[in-house]
Amino acid sequence: MVASIQNVEKSFHQRPVLNGVSLDITKGDLIAIIGPSGCGKSTFLRCINGLEFVDKGKLEIFGTELCSPLEIGAKEFQRRSLIIRQKVGMVFQSFNLFPHLTILENLMVAPKVVRNISKTDSDARAHEFLAKVGLGDKAHNYPDQLSGGQQQRAAIARALAMSPEILLYDEPTSALDPALVNEVLRVMKQLDQEGMTQMVVTHEMRFARDVADKIVFMDHGKIVEMGPPEQIFGNPQDERTKNFLRHFQ
Amino acid sequence: MMKIFIFVILFFHFNASFAQKPKLRWGADIESGAPFSYTDPADHKTVIGFEVEIVELLAKEMGMEVEYVQNSWDGLIAGLNRNDYDIVVNGLEITPDRAQVVHFSKPYYYTSESLVVRASNTNVATLDDLKNKRVGTLDGSLAQRILNQLTFPLTVVGYDEEIHSYSDLVIGRLDAVLLDEAIALYYAKPNIELKVVGGPIGYMEYGVVTRLNDPKFSRRVDAALEKIIENGSVQRILEKWNLWNAMSAKAWGKSAEPLTPPVAYDKYISEAWKKETIVQKLKRYASFLPLLGKGAIMTLEISTISMVLAMILGLLTALARLYGHPVVKWLAVAYVEVFRGTPLLIQLYLIFYGLPYVGLTLDPFVAAVLGLGLNYGSCEAENYRAGILSIPKTQMDAAQALGMNWFQSLRHIILPQAVKVVIPPVTNDFIALLKDSSLVSVISMVELTTVYGQLASSSFDYLGLGLLTALVYFVIGLPFVRLARYFESQLANNLPGEQRTRRARPKLFIF
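Please read all numbers here as calculations on a predicted model, not as lab measurements.

### Some remarks on the interface of chain A and chain B
Phase 1 of the analysis: Tallying the contact residues gives 21 residues for chain A and 19 residues for chain B.
Phase 2 of the analysis: Of all the secondary structure elements, the ones that give two or more residues to the side of chain A that touches chain B are helix H3 (74-85) and helix H4 (103-115) of chain A.
Phase 3 of the analysis: Sort the elements by how many residues they give to the side of chain A that touches chain B and H4(A) lands first, with four residues.
Phase 4 of the analysis: Residue composition of the side of chain A that touches chain B, by class: twelve nonpolar, seven polar and two charged.

Here is the structure:
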């Protein structure tokens, strides 16, 4: 088990967003988190690498424990978040590539700044990851010269360049043209086959059903139901799950 | 004739070779013009005038050597009390108010006010004729006080350059001008369109000014002055400049008839009032260029150093305001609001003349840079803040998700993008600062505008010199506009793909 989340709670301005969520993540898993908009999926994901903090409960990510900064202090929270982010990569809905850097530089900046990896080494690795996501020829382009699908693949390569042990995806295909969705999903599928642990907040039900090892259905800040795709899609137990999935039939 | 080199660099050479005698640091504003202290129209590098000669005599009598320190006239007493120089001899009238804060010697010159009207005017001969008239004078002068005390209605217009009041009189904006006898003699009498009417009005005495806190030195100055008055040297200087008058004669028990011819006055009139051909005019402009050039270099020096200070201060303030602890944030906001919300001129006065009262006396250059830097720092802070806020928050998320800490994210991801956004407003501010640097002439810095004032007051060519100086400002600002445009184009990476050339990226980060 690489990560364990126990009973986390979080509110924004007194409005509860996470209402006691617990989840264990096993190495090599591809976990798909599904659920209606505003159910707390994204916030849950952002809590895992400390981009958001939880109010209650605790997370243990690769042996580092994270809980509310009120308990451990803001400085300590930041320190632990930084340790966790060394092993946890993240891919955003809007790609968030750095527009002032080329694709290659996008991949090289963090290894250089955070790990002090030499230019030659990080350059070679960056090219390797770009080739892996099929962007070997785009190294010297700027993000805005790429299509959405290409940008998202570049963002995945950027995350991979930091050699994470788990990748978190926050609706990675929601901002893409339907025609471009598959090229991104293909990369995720390939990574899954190579044994990467991944956690995806997604609305791509077919992808979730076909590729995920575990489906987590969330609603109103709670995990309503989770299990292998056959179970969730084939035989959902909870009324809310059934309702939600009906839209996607 | 005594020669004083205006430029500090020349001063140092001068001092290094003849530095045996102690220095008598003399504060004056050579913009005050003839016959007091002014740049020689024939040789712009030297200062001449009857006060220059009196100070030189005084120094000789005291076994000292004159070192001239430029300051604006309004700041002369403040500069003396700041210890920027040791004496002031520059048309300072002895008044009870001033005697509260400085020591005055016995008068070295007694004089009065003269009423001047257009040559065609036959209605005005005395003060009583000024009812319902527009009368010009110098701000803060005895003449202004006399006019303000008149009981009938009239409009008093205050000027800060005597020459402007007379030119307004010529073109009919004024009906009369009341100014010091010496000024009327030099600026109105030679003009055939003007005439001096009536007799002397009022009474005033010019004194040598020293600090109150050094009575021993003041006594030495007084004794030396008394000596050169007694032996007739001062009288000869006054005669030479056509200033010997009945009042001074009476005060010193001499005859009002001059003993020597007014050679300096005649020379001044022949030079200052001669008609020039275009070639002569162009030659004269060319002769101004070295002085204007040096002023421009000083302006550039002050401006660039101030701007660097402003940019550093601005960045730190913007970061403090965006990310700081609440107390730091509050301080940053207070700094921005105070320095952006008060006039630069007042800030300069406070820094240069105000701080000495709390024990901090700054060098004029340091005060100028600090004043401009602090003022523009508050503007830059807002530029940077806007620039940083214009970068989507998701960029910070992405950088942090990659394991960068807050500072690394800021330095490598946020600021390089923000810089691009703020280059146009920052360039704009730099050009504004370049022009605002003219204000530091009030704290005794000799920069471009000071040079303009000094040259204009001795040549009266306000139009030609004004245009020439404006041109110099324009020219020195141009390279910075070009440079900014260059950086902007180098950093512009949000153009559509086809328009953007593939080239090596220049490394232009703030850090």
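### Remarks on the domain arrangement of chain B
Residue and element names in this part refer to chain B.
Phase 1 of the analysis: Its domain assignment divides chain B into domain 1 (8-105 + 206-274), domain 2 (110-203) and domain 3 (280-499).
Phase 2 of the analysis: Taking only C-alpha atoms, the centre of domain 1 and the centre of domain 2 are 26 Å apart.
Phase 3 of the analysis: Contact residues are listed per partner, giving 13 residues for domain 1 and ten residues for domain 2.
Phase 4 of the analysis: Listed by contribution, the elements that provide at least two residues to the side of domain 1 that touches domain 2 are helix H10 (246-251) and helix H11 (263-272).
Phase 5 of the analysis: Among the elements that take part in the side of domain 1 that touches domain 2, H10 stands out by supplying three residues, more than any other.

### Some remarks on the nonpolar core
Phase 1 of the analysis: Counting 131 residues, the largest nonpolar core has A:Ala32, A:Ile33, A:Leu107, A:Ala157 and A:Leu168 as its most contacted members.
Phase 2 of the analysis: Per-element accounting of this core gives the leading share, twelve residues, to helix H17 (residues 406-436) of chain B.
Phase 3 of the analysis: In contact with A:Ala157, not counting residues within four places along its chain, are A:Leu107, A:Phe129, A:Leu130, A:Lys132, A:Val133 and A:Leu135.
Phase 4 of the analysis: In terms of nonpolar packing, the next biggest core, distinct from the first, is built from 72 residues, B:Ala28, B:Phe36, B:Tyr187 and B:Val221 among them.

### Looking at the pairing of strand E8 (residues 155-159) of chain B
Remark: a regular strand shows side chains that alternate across the two faces of the sheet.
Residue and element names in this part refer to chain B.
Phase 1 of the analysis: In the sheet, strand E7 (residues 134-138) pairs with E8 via five bridges, with the strands oriented parallel. Within E8, the residue paired with Thr 137 across the bridge is Gly 158.
Phase 2 of the analysis: At this point the chain moves from E7, through helix H5 (residues 142-149), to the parallel E8, and the crossover so formed is right-handed.

### What about the sheet that holds strand E6 (residues 88-91) of chain A?
To summarise the sheet geometry, strands pair through backbone hydrogen bonds and adopt either a parallel or an antiparallel arrangement.
Residue and element names in this part refer to chain A.
Phase 1 of the analysis: With mixed pairing, six strands are arranged side by side in an open sheet as E6-E7-E8-E3-E9-E10. The sheet is open, and its two borders are formed by E6 and strand E10 (222-227), each paired with just one other strand. Direction aside, the axes of adjacent strands within the sheet are offset by 20° on average.

### What about the environment of B:Ala386?
Residue and element names in this part refer to chain B.
Phase 1 of the analysis: Positionally, Ala 386 belongs in helix H15 (residues 364-389).
Phase 2 of the analysis: The class for Ala 386 is partly exposed, based on 14 C-beta atoms found within 10 Å.
Phase 3 of the analysis: For the pair Ala 386 and Ala 318, spaced 68 residues apart in the sequence, the C-alpha separation amounts to 8.7 Å.

### Things to note about the sheet that holds strand E2 (residues 15-25) of chain A
All names here are of chain A.
Phase 1 of the analysis: Pairing is antiparallel across the open sheet formed by four strands, whose spatial order is E2-E1-E4-E5. Edge positions in the open sheet fall to E2 and strand E5 (64-66), since each of these has one partner strand only. Ignoring strand direction, the axes of neighbouring strands in this sheet form an average angle of 20°.
Phase 2 of the analysis: Those strands touched by helix H1 (residues 41-48) are strand E1 (3-12), E2 and strand E4 (56-61), and its axis lies near 60° from that of E2.
Phase 3 of the analysis: Sitting on the sheet, H3 is in contact with E4 and E5, with an inclination near 130° to E5.

How each quantity is defined
- Residues numbered from 1 in each chain as written.
- Chains lettered and ligands numbered in written order.
- Predicted model: local features only at pLDDT ≥ 70, side-chain atom pairs only at ≥ 80, totals over all residues.
- Contact = placed C-beta atoms within 7 Å.
- Helix = DSSP H or I, 4+ residues; strand = E, 2+ residues; numbered from the N terminus.
- Nonpolar A, V, L, I, M, F, W, Y, C, P; charged D, E, K, R; others polar.
- Domains from an automatic or database assignment.
- Core = buried A, V, L, I, M, F, W, Y, C linked by C-beta atoms within 7 Å.
- Buried ≥ 20, exposed ≤ 12 C-beta atoms within 10 Å, placed from the backbone.
- Pairing = 2+ DSSP bridges.
- Right-handed = clockwise from strand over helix to strand, strands pointing away.
- Axes fitted to C-alpha atoms, helices over the stretch in contact; angles between N-to-C directions.

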